[in-house]
Amino acid sequence: MGIREFYSGVSPSTIALPTATPPTPQSHFTLVDYGVCVLLLVLSLAIGLFYARRGRSQNTVRHFLLANRSMGSLPVALSLLATFQSAVAVLGVPGEIYRSGTEYWFLGCSYFLGLLVSAHIFLPIFYRLNISSAYEYLELRFTKVVRLCGTLTFIFQMVIYMGVVLYAPALALNAVTGFDLWGSVLALGIVCTVYTSLGGLKAVIWTDVFQTVVMFLGQLAVVIVGATKVGGLGRVWDVASQHGRISGIDLNPDPFVRHTFWTLAVGGIFMMLSLYGVNQAQVQRYLSSRTEKAAILSCYAVFPCQQVVLCIGCLIGLIMFVYYLDHPLAPEQAQVSSDQMVLYFVMDILGEIPGLPGLFVACLFSGSLSTISSAFNSLATVTIEDLIRPHFPEISEKRATLISKVLAVIYGLICLGMAYLSSLMGPVLQAAISIFGMVGGPLLGLFCLGFFFPCANSTGAVVGLLVGLIMAFWIGIGSMLSSMTSRIVLPLPNGTGFPSYRNATVTTVTTLMPSPVSKPTGLQRFYNLSYLWYSAHSSTTVIVVGLLVSFLTGGTRDQPPDPRTIYPVLPRLFALLPVSCRNHLPCQGYSQDLSCKTDKIPKKMSNGMMTGCGEEEVVAVPEQGHIQGDHGHAFILHETSL
């Protein structure tokens, strides 16, 4: 189905919560619960103000955007986790398990390889180049035009995404408490904008740490209380197994099947790379680490944390399934989507314990705050570093820092506007993932083209990126139109079906999960590509088109790339080919530039960092923001390292 879950295919005014009397759980949200939510916002704001005051003596762009490269591996790891472990996932994962079973858990198989590649291929090159923006790499590898294209694509991606994650918890709070939807949107947006614009990246990272703990406690409370009420985790597993909610390994290789082992474990790798490999929000955290080793350790530490969070989300979904088998849903609750069902379930089981419903809503708020604060900070970074400083290189540090803070405020205001547009989207979980698949996939392909293919030139990079984006949106729009023609509604576990949405009176946008009525053919089948293959499809398109155009335009013979920007996978493979074949390669000029004298001895650079490839030396990295593309002395590689 893919993007058809992202675009519901039905007018937002026709699929929504009913206007019937609000469900009973609203009465359980007490002043104590409101107090917990307010306390979260106050403490998050206090952390930002603390680091704003503490950092007044270091009023530089490096301090504001990179925390002066002073962060340890643990806070960076928790911040990496929190950045995309948003309210989207807190709501979406249990809803997915409740609706379809545990097959989604196999997405965890993609985490390991995705993080391993990020830690040992992308991260070291970014860190050693001593840059602030990941898109500065694109200028060093290609040209300023490629850097600009990458930056604008990222801004488009993140502006849309942060609207989704701001809207999701506000929608949830409105559904269970009747609290004003846009009042909560404004509260979250304003608090996040203030502490991000005042405290910079260091404040964002430490608030992420605090908010990660809140998210964990909120979800853990649901698991403990919920399991107790349904008779324990053993019974949950037995009942879920009897009703087919414990999924086996589906080895069907069909990429048009929504969830299979290959779709989740392999397609998920590309999604992970687009998030943790080349996304500016994550790269910025790597670059804030004290050392390259600390950055790699933080990437490793994310893996077990992600597994724990994924397992907790799956447990909540299974407990919810068993609970509603024992306690059939009320008619007014039976009309909501699986995303909002999570909130009603939480209120059903925690409503009698003052403070715990508020803790879970605070968990949602934490997920939203951590993600949009990262978006604000990363967007301010790419704007100042990629769009402003290249045109105004004489700008002072003090003024650049001030502009960065103003940009964070501006993006906060834009986020509030995008939250409204997010209300027009489909299911919360797949909406967010589809955005990253549609836009993040081409960006991943652009970086892979630069990292792994030394024969790729700037013309190929730009054309490849444009074609990748066109293909991604073509499939997306096609899926949206296709989904308008056929939709069915899955019955709830207690046998109660959803009422016809055509007859529903609505107040708040939500979505029922669709399924195809009959097996599509032709273009209709192509539009049913699983949403988890979107990143793989679009990134591969960028690479194939980029290489083809580069080959037709002469490769990099005349302008060999800076070797610091290349991970030499292909040169090592090319070295296995006969010399007669290598002489016809369009990147042969690059291979010759990499060959060098064998009498060089590795030395420690002046900053104490050892870098190298094979047995030879990599020369010192220039200061941040002034990296030159001098290909003659940047790398010294041994011939055998190719």
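Remember, predicted model here, so these are calculated numbers, not experimental data.

Undergrad: Can you help me understand helix α4 (residues 73-84) in this one?
TA: Note: α-helices contain 3.6 residues per turn, so residues at a spacing of three or four share the same orientation. In a regular helix each residue adds 1.5 Å, so 12 residues correspond to 16 Å; α4 covers 18 Å between its end C-alpha atoms and thus fits that length. The buried fraction of α4 amounts to 10 of the 12 residues, a majority that puts the element mostly inside the structure. Looking only at α4, the buried set comprises Pro75, Val76, Ala77, Leu78, Ser79, Leu80, Leu81, Ala82, Thr83 and Phe84.

Undergrad: Help me understand the side chain of Ser366 in this model?
TA: With respect to the secondary-structure elements, Ser366 resides in helix α15 (residues 356-388). When its relative accessible area of 0% is taken as the criterion, Ser366 is described as buried. Ignoring sequence-local partners within four residues, the contact set of Ser366 consists of Leu40, Gln211, Val214 and Met215.

Undergrad: I tried to follow the side chain of Thr556 on my own but got confused; where do I start?
TA: Following the sequence through the fold, Thr556 ends up in the loop between α20 (534-552) and α21 (569-574). Owing to a relative accessible area of 4%, Thr556 belongs among the buried residues under this scheme. For Thr556, the side chain forms a polar contact with the main-chain oxygen of Pro454, separated by 3.0 Å.

Undergrad: What is the right way to read a nonpolar patch on the surface from this model?
TA: A surface patch of nonpolar side chains, amounting to about 400 Å² of accessible area, comprises Leu49, Leu186, Ile190, Val194 and Leu198. Take the nonpolar patch: its biggest share by element is four residues, from helix α9 (residues 181-229). With respect to the helices, strands and loops of the structure, Leu49 is situated in helix α2 (residues 31-54). Judged by relative accessible area, which is 42%, Leu49 ranks as partly exposed.

Undergrad: Just to check I follow, could you spell out the environment of His259 for this structure?
TA: By the secondary structure assignment, His259 is in the loop between α10 (233-242) and α11 (261-276). His259 gets classed as buried once you look at its relative accessible area, which sits at 7%. Sequence-wise, His259 and Phe106 are 153 residues apart; in three dimensions their C-alpha atoms are separated by 9.3 Å. Ignoring sequence-local partners within four residues, the contact set of His259 consists of Glu96, Glu103, Tyr104, Asp250, Leu264, Tyr531 and Leu532. Among the polar contacts listed, one links the side chain of His259 to the side chain of Glu96, at a separation of 3.5 Å.

Undergrad: I tried to follow unusual backbone geometry on my own but got confused; where do I start?
TA: Negative phi values dominate among residues other than glycine, just as trans dominates among peptide bonds. At Ala67, a residue that is not glycine, the phi angle is positive and equals roughly 55°. Along the chain, Ala67 turns up in the loop between α3 (61-66) and α4. With relative accessibility at 0%, the residue Ala67 sits in the buried group. For Asn130, which is not glycine, the phi torsion reads 60° and is therefore positive. You can see Asn130 is positioned in the loop between α6 (108-128) and α7 (136-141). Residue class for Asn130 comes out buried when judged on its relative accessible area of 13%.

Undergrad: Before we go on, may I ask you to explain helix α5 (residues 87-100) in this structure?
TA: For α5, built from 14 residues, the straight-helix expectation of 20 Å at 1.5 Å per residue is met to within 8% by its first-to-last C-alpha distance of 20 Å. Burial analysis of α5 places 13 of its 14 residues in the buried class, the great majority of the element.

Undergrad: Sorry, what's going on with the pattern of salt bridges here?
TA: It is possible for side chains of opposite charge to pair when their charged atoms get near one another. Counting across every chain of the model gives 10 salt bridges. Here Arg285 makes a salt bridge to Asp208, at a shortest N to O gap of 3.4 Å. With Arg285 in helix α12 (residues 280-287) and Asp208 in helix α9, this residue pair connects regions lying 77 residues apart in the sequence. You can call Arg285 buried: its relative accessible area is 1%. One salt bridge in this structure joins Asp562 and Arg564, with 2.4 Å as the shortest N-O distance. As far as burial versus exposure is concerned, Asp562 and Arg564 are alike and both buried.

Undergrad: How should the packing of aromatic side chains be read in this particular structure?
TA: Applying the stated criterion across every chain yields a total of 21 aromatic pairs. With a centroid separation of 6.5 Å and an interplanar angle of 65°, the aromatic rings of Tyr98 and Phe321 are classed as edge-to-face. Pair noted here: Tyr98 is in helix α5 and Phe321 is in helix α13 (residues 292-326), with a separation of 223 residues, a long-range link. Centroid distance Phe452 to Tyr567: 6.3 Å. Interplanar angle 90°. Geometry classified as edge-to-face. Here Phe452, found in helix α17 (residues 428-452), pairs with Tyr567, found in the loop between α20 and α21; they are 115 residues apart in sequence, far enough to count as distant. An aromatic cluster is defined as three or more aromatic residues linked by ring pairs; in this entry it consists of Phe122, Phe126, Tyr135, Tyr137, Phe154, Phe447, Phe451, Phe452 and Tyr567.

Cut-offs applied
- Residues numbered from 1 in each chain as written.
- Predicted model: local features only at pLDDT ≥ 70, side-chain atom pairs only at ≥ 80, totals over all residues.
- Heavy atoms only, no water.
- Helix = DSSP H or I, 4+ residues; strand = E, 2+ residues; numbered from the N terminus.
- Expected span 1.5 Å × (residues − 1).
- Buried < 20%, exposed > 50% of the residue type's maximum accessible area, 1.4 Å probe, protein only.
- Contact = heavy atoms within 4.5 Å.
- Polar contact = N/O pair within 3.5 Å; in protein donor to acceptor, adjacent residues only side chain to side chain.
- Patch = residues over 30% accessible without salt bridge, like charges linked within 9 Å, V, L, I, M, F, W, Y side chains within 5 Å.
- Areas by Shrake-Rupley, 256 points an atom, 1.4 Å probe, with all protein chains shown as cover.
- Salt bridge = Lys/Arg side-chain N within 4 Å of Asp/Glu carboxyl O.
- Phe/Tyr/Trp six-rings, centres within 6.5 Å; stacked < 30°, edge-to-face > 60°.

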